[in-house]
Amino acid sequence: MGEVDPAFIQDPEHRPKLCFSEAEGIPMIDLSPSREKEKDPSALDRLVKEIGSACKEWGFFQVINHGVPLDHRHKVEAAAREFFGESKEEKNKVRRDAVKVLGYYDTEHTKNVRDWKEVFDFSVEEPTLVPASLDPHNQDVTHWHNQWPHYPPYLREVCQEYAKDMVKLALELMELIALSLGLPQKRFHEFFKDQTSFIRLNHYPPCPSPHLALGVGRHKDSGVLTILAQDDVGGLEVKRKSDGEWVRVRPTPNAYIINVGDMIQVWSNEAYESVEHRVMVNSEKERFSIPFFLNPSHYTMVEPLEELVNENNPAKYKPYNWGKFLVTRKHSNFMKLDVENIQIYHFKV
Ligand SMILES: O=C(O)CCC(=O)C(=O)O
Ligand SMILES: [Fe+2]
């Protein structure tokens, strides 16, 4: 057993339990009625209700019959394995820095503790428009550009193809979520022109001290919605809403794990809430996962939707600018700070 660098060590109250319970009851939802809606409107109604209660009770669910071609997913998984198998020197050729925020890095901090992982980030829109400055008064816009590695050479193409699949599935899920909130089906579409969505390839190497460190420390996803592909190793834990216990999401081959992000919490005025989750590592097996983070345009002002607030249910959040939030987060996750990074509760009324 080796030792881990103190930067990775979680405070005692946040350390994982090595014997864990597997989540019974994380809803498994069959999405086929969404694509066959003309044929069976009552099946679509049932699906919308299932999505609504999963968002309300869990903030997490899994989907099958999601329409994403399996070979597209397999190609990205293979490319990720090959990429992370390259030498550090090769990976560092596409390393992110304070200016080039996309690419490879292995020093992400969640809540100021270093994560036991290495990642490769790429955005869906090339280039992605974002604010140039963290300063709220500065309106300048800049671009994020992807940094594609030379090896493996096919990585770029398969990632771009997969990104299209993810956007399609995400918008379909947003239609179902809109219906479940009593909104017009396409209510959310306007936010995704010039989207800032991105995909992350995650590699969690075996860790000599899985009781002290985490692959990703406890956090909520700050975007709209996350679509996660995990391999068969397992390690994702969700803080169950009903009792606050950490429970593990059992890997289901070819399914996707969906979770509500902070922006759905704000838009829905807390009808739905984003839920804390974290990733355990283990001493024997490496693990790979691929989250897609659905994010709106940088110029989106995020606030409870007017249709969902009234005198009896006033807005629980003040509007905030997504682009400024995003670049502030990117900046703070890059280095260890002495202060908490930006959170939606800072905008609570
Ligand atoms: O790897 C996983 O299972 C989840 C990763 C995650 O929660 C994240 O990157 O936000
Ligand atoms: Fe997450």
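Structure report, in brief.

Conventions and cut-offs
- Residues numbered from 1 in each chain as written.
- Chains lettered and ligands numbered in written order.
- Predicted model: local features only at pLDDT ≥ 70, side-chain atom pairs only at ≥ 80, totals over all residues.
- Heavy atoms only, no water.
- Donors = N, O, S within 2.8 Å, 3.2 Å for Na, K, Ca; no water.
- Helix = DSSP H or I, 4+ residues; strand = E, 2+ residues; numbered from the N terminus.
- Buried < 20%, exposed > 50% of the residue type's maximum accessible area, 1.4 Å probe, protein only.
- Pairing = 2+ DSSP bridges.
- Axes fitted to C-alpha atoms, helices over the stretch in contact; angles between N-to-C directions.
- Contact = heavy atoms within 4.5 Å.

Time to look at the coordination of the iron ion (ligand 2). Distances from the iron ion (ligand 2) to its protein donors, His219 (NE2), Asp221 (OD) and His277 (NE2), fall within 2.1 to 2.2 Å. Spacing between the donor residues of the iron ion (ligand 2) along the chain follows H-x1-D-x55-H. Placement of the pair is His219 in strand β11 (residues 216-219) and His277 in strand β16 (residues 277-279), with a sequence separation of 58 residues. Of the two residues, His219 and His277, neither departs from the other in class, the shared state being buried.

Spatially, the eight strands line up as an open sheet ordered β2-β3-β15-β12-β17-β10-β7-β4, and their pairing is mixed. With partners counted over all chains shown, the strands left at the sheet margins are β2 (28-30) and β4 (103-105), one partner each. When the angles between neighbouring strand axes are averaged without regard to direction, this sheet yields 25°. Relative to strand β7 (residues 118-123), β4 is paired through three bridges, and the arrangement is antiparallel. Across the sheet, residue Tyr105 finds its bridge partner in β7, namely Val119. Sitting on the sheet, helix α2 (residues 41-57) touches β2, β3 (60-64) and β15 (256-260), and the angle it makes with β2 is about 155°.

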